[in-house]
Amino acid sequence: MLSFPQIQILLSIRLDENADLFGVSRYAVVTGANKGIGFETVRQLATAGVTVVLTARNQKRGVEAVNRLQQSGLSNVLFHQLDVLDAQSIHSLAQFIQTRFQRLHILVNNAGATGVEVDEDGLRAKNIDPEIWLAGKAVDMIQDVMKTTYDAAKECIQTNYYGAKNVTEGLLPLLQRSTSGARVVNVTSLRGELSRVPDERRRKELGDIDTLTEDKIDRILQQFLQDVQREAIETNGWQKMLPAYSISKVTLNAYTRLFARKHPDMCVNCVHPGYVDTDLNWHTGPLTVEEGARGSVMLALLPDGGPTGCYFDRTNVACF
Ligand SMILES: NC(=O)c1ccc[n+]([C@@H]2O[C@H](COP(=O)([O-])OP(=O)(O)OC[C@H]3O[C@@H](n4cnc5c(N)ncnc54)[C@H](OP(=O)(O)O)[C@@H]3O)[C@@H](O)[C@H]2O)c1
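So, here's what we can say about the structure. (Residues numbered from 1 in each chain as written. Predicted model: local features only at pLDDT ≥ 70, side-chain atom pairs only at ≥ 80, totals over all residues. Heavy atoms only, no water.)

**Describing the site of the ligand**
Move 1: In the region of the ligand, 29 residues are neighbours, and Asn-34, Arg-57, Asn-110, Tyr-245 and Thr-278 sit closest.
Move 2: For the ligand, an oxygen atom lies 3.4 Å from a polar atom in the backbone of Gly-274.
Move 3: Taking 900 Å² as the accessible area of the ligand by itself, protein coverage stands at 95%.
Move 4: Broken down by secondary-structure element, the contributors of at least two residues to the shell around the ligand are helix H3 (36-47) and helix H11 (243-262).
Move 5: Taken together, the residues of the shell around the ligand break down into 11 nonpolar, 12 polar and six charged. (Near = heavy atom within 4 Å. Polar contact = N/O pair within 3.5 Å; in protein donor to acceptor, adjacent residues only side chain to side chain. Areas by Shrake-Rupley, 256 points an atom, 1.4 Å probe, with all protein chains shown as cover. Helix = DSSP H or I, 4+ residues; strand = E, 2+ residues; numbered from the N terminus. Nonpolar A, V, L, I, M, F, W, Y, C, P; charged D, E, K, R; others polar.)

Structure follows, in structure tokens:
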């Protein structure tokens, strides 16, 4: 295990130097990359010399995104359809990579959903300051314009937790063929930090990596969805702010740690991109997508011996 100063030294290596560290062609997949942070992650990785498969659930939006990058001179970006909710779509992507490249060096699980139904005009009319969002003080101001319905909560958990997990497992044989040890980056959120989990027993269970299992995570997520159905989110100790999104990211972080332990030859980390101006947060974030993609790109291009099983707040190691 590397010490904290060693990690910091490794991370201080500049990205343009990283581009040549492997000395061979590198292949990457980024999910949910037709727009937002995912699109920018593809752009930055391709600029660093990586051949990137930009994936999107919608063929037209994905092809248009690839065209934009190719027209800007990045010929090393190609498209393949991927809906992270669809096992057949994951299988088809794996077959495509197997045929074209036979291996995969980098996977960025970026696709995400919020788990709420929103009255966007009503939200905009409130004109809430980003500082208030970040401080977690917006929660009571938005209850009338943001609803956690069962369908939205389920889709969120299926996308953010099971989607990332199923894509990772589906591409695992290809990642294992990366001679230098694959890099897996799970895009999470500060909403997934353990300190924000109100229920103490649940917080301990999700934070105790020695006793945590994927079955336990499944049971926690089932319990959450039952509580959404019973309208018992607050009474049963789930987060009040974006409850489905929050637990989906807490569990994604936990999965990142479990997966990293199981595959010590890889660098497997999760990253909060910062509060970024994208469709996902109805353009309430102050950071640009260029700033938001930096953490994902840094972790995708980690040199050999880099950190694994860690959580990053943008480009800094942080506490789960
Ligand atoms: N923006 C922030 O401040 C912020 C903060 C913390 C974490 N994050 C995380 O950053 C990641 C990227 O979000 P963003 O802010 O860039 O939002 P975004 O611009 O809304 O992008 C989200 C992407 O996910 C895709 N997606 C959703 N469901 C999918 C599915 N089933 N299969 C494949 N793709 C799917 C969307 O595709 P469509 O275009 O087809 O809908 C879109 O390309 C997410 O994981 C998010 O949780 C963002």
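**Thoughts on the side chain of His-80**
Move 1: Here His-80 is to be found in strand E3 (residues 77-81).
Move 2: The class for His-80 is buried, based on a relative accessible area of 14%.
Move 3: When residues no more than four places from it in sequence are discounted, the contact partners of His-80 are Val-53, Leu-54, Thr-55, Ala-56, Ser-92, Leu-93 and Phe-96. (Buried < 20%, exposed > 50% of the residue type's maximum accessible area, 1.4 Å probe, protein only. Contact = heavy atoms within 4.5 Å.)

**Focus on unusual backbone geometry**
Move 1: Here Gln-102, not a glycine, exhibits a phi torsion of approximately 65 degrees, which is positive.
Move 2: Positioned with a positive phi, Trp-282 is a non-glycine residue whose angle comes to about 55 degrees.
Move 3: Along the chain, Trp-282 falls in the loop between strand E8 (267-272) and helix H12 (289-300).
Move 4: On the basis of relative accessible area, Trp-282 is assigned to the buried category, the value being 14%.

**Regarding the pairing of E8**
Move 1: Most of E8 is tucked away: six of the six residues are buried.
Move 2: Burial along E8 is two-sided: Cys-267, Asn-269 and Val-271 facing one way and Val-268, Cys-270 and His-272 facing the other are all buried.
Move 3: Two elements, E8 and strand E9 (residues 311-313), share three bridges in a ladder whose sense is parallel. If you follow Cys-270 over to E9, its bridge partner there is Tyr-311. (Pairing = 2+ DSSP bridges.)

**Focus: the packing of helix H5 (residues 87-100) against helix H8 (residues 150-175)**
Move 1: For the pair H5 and H8, the least separation of the axes is 10 Å and the interaxial angle reads 25 degrees. By the angle class used here, H5 and H8 are roughly parallel. Read as a crossing pair, H5 and H8 show a hand that is right-handed. Residues Ile-90, Leu-93, Ala-94, Ile-97 and Gln-98 of H5 form the contact with H8, whose own contacting residues are Asn-166, Val-167, Gly-170, Leu-171 and Leu-174.
Move 2: Considered class by class, the residues forming the contact of H5 with H8 number seven nonpolar, three polar and no charged. (Axes fitted to C-alpha atoms, helices over the stretch in contact; angles between N-to-C directions. Parallel < 35°, antiparallel > 145°, perpendicular 65-115°, else oblique. Left-handed = near helix turned anticlockwise from the far one by under 90°.)

**What to know about the pattern of salt bridges**
Move 1: Applying the stated rule across the entire model yields 12 salt bridges.
Move 2: Here Lys-240 ties to Asp-140 by a salt bridge, and the two come within 2.6 Å at their closest N and O atoms. Of this pair, Lys-240 sits in the loop between helix H10 (214-229) and H11 while Asp-140 sits in the loop between helix H7 (130-134) and strand E6 (146-147), and the two are 100 residues apart along the sequence.
Move 3: Residue class for Asp-140 comes out exposed when judged on its relative accessible area of 56%.
Move 4: Connected through shared salt-bridge partners, Glu-120, Asp-121 and Arg-124 make up one network. (Salt bridge = Lys/Arg side-chain N within 4 Å of Asp/Glu carboxyl O.)

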